[in-house]
Amino acid sequence: MAIRKICVLGAGIMGHGIAQVCAQGGYDVKMRDIEDSFVQGGLDRIRKFLEASVERKRMSSEEADATLSRIKVTTDLKEAARDADLVIEAIIENLEIKKNTYRELDAICPPHTIFASNTSYQSITEMAAVTKRPDKFLGMHWFNPPQIMRGIEVTKGEKTSQDTLNTIVELCKKLGKEPGVCKDSPGFIVNRLVQPWRNEALKILDEGVASFQDIDTAYKVGYGFKRGPFEFLDLVGIELAAVGNETFYNELKSDVFKLPQCHKMKVRAGDFGKKTGKGFYDYGKK
């Protein structure tokens, strides 16, 4: 199947980056969020990223202008999705909200439209089951930030067709990404691997073995990670990572995935990381 028009749901940390990458790849993109301030904020972040790329001579001003010209923004779900060949959903990591969104999309989109969820943890098969097109439903988990990270996990649900899988794998390659295909399973590949070491870092903090700053330094210096576990949590959102923990724990029943106390308290305090101005680190005003 040929992909020409792409709808991206969500203009936040992941959504605006996904929209930008697709537009840079030559696709017509509609980026939708629930408020004008959200979509304009996403568009502003895209514009700043492109301007910085031009300044660093990573692209020409003509290429940046062409990318922006391919992106349209809206708060109207029907307007965004009614003629899309592919819908990439990057909204809040809440299973019920996602399922309700897919019920709406199923009634709006033409039969050929493929649905792809950017979820990090939630079941692709369960979301697909609320639609009449489970064969055209799969996971497309981008890594943060989408404009820079090359990997995309392509997750096949219980009823995803081979044609749908092939179409999205080919799209990833056209966008300059490296797709990794996996079956529907809690956390897929990367988060299933990453969660235990991140949890162990939090447990070390709970036990008073070391400060979170020294734990981050040890990870970066000892293993060459770009960010330590606490820097990473602050970046992606401490409350979102907690949802991942809960999903793993409920699905796999292993104490390895039990939410550590320091993580739990940050969520209760509303200190979610960079987005709120404070997480494990203090970022000043929001």
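Residues numbered from 1 in each chain as written. Predicted model: local features only at pLDDT ≥ 70, side-chain atom pairs only at ≥ 80, totals over all residues. Heavy atoms only, no water.

Brief notes about helix 9 (residues 212-223)
Then, number 1: With 12 residues, helix 9 extends 16 Å from end C-alpha to end C-alpha; this agrees with the ideal 16 Å at 1.5 Å per step.
Then, number 2: What helix 9 keeps buried is the set Phe-212, Ile-215, Asp-216 and Tyr-219. Viewed along the axis of helix 9, the buried residues span an arc of 100°, placing them on a single side of the element. Summarising the geometry of helix 9, the exposed residues directed more than 90 degrees from the buried face are Val-221 and Gly-222.
Then, number 3: Buried positions along helix 9 lie against helix 8 (190-206) and helix 10 (229-236). (Helix = DSSP H or I, 4+ residues; strand = E, 2+ residues; numbered from the N terminus. Expected span 1.5 Å × (residues − 1). Buried < 20%, exposed > 50% of the residue type's maximum accessible area, 1.4 Å probe, protein only. Arc of directions from axis to C-beta. Contact = heavy atoms within 4.5 Å.)

Side note on the environment of Leu-43
Then, number 1: By the element assignment, Leu-43 lies in helix 2 (residues 36-55).
Then, number 2: Judged by its relative accessible area of 12%, Leu-43 is buried.
Then, number 3: A sequence separation of 23 residues divides Leu-43 from Gln-20, and the C-alpha atoms of the two residues are 8.9 Å apart.
Then, number 4: Each residue touching Leu-43, except ones within four places of it in the same chain, is listed here: Met-31, Leu-68, Ile-71 and Val-73.

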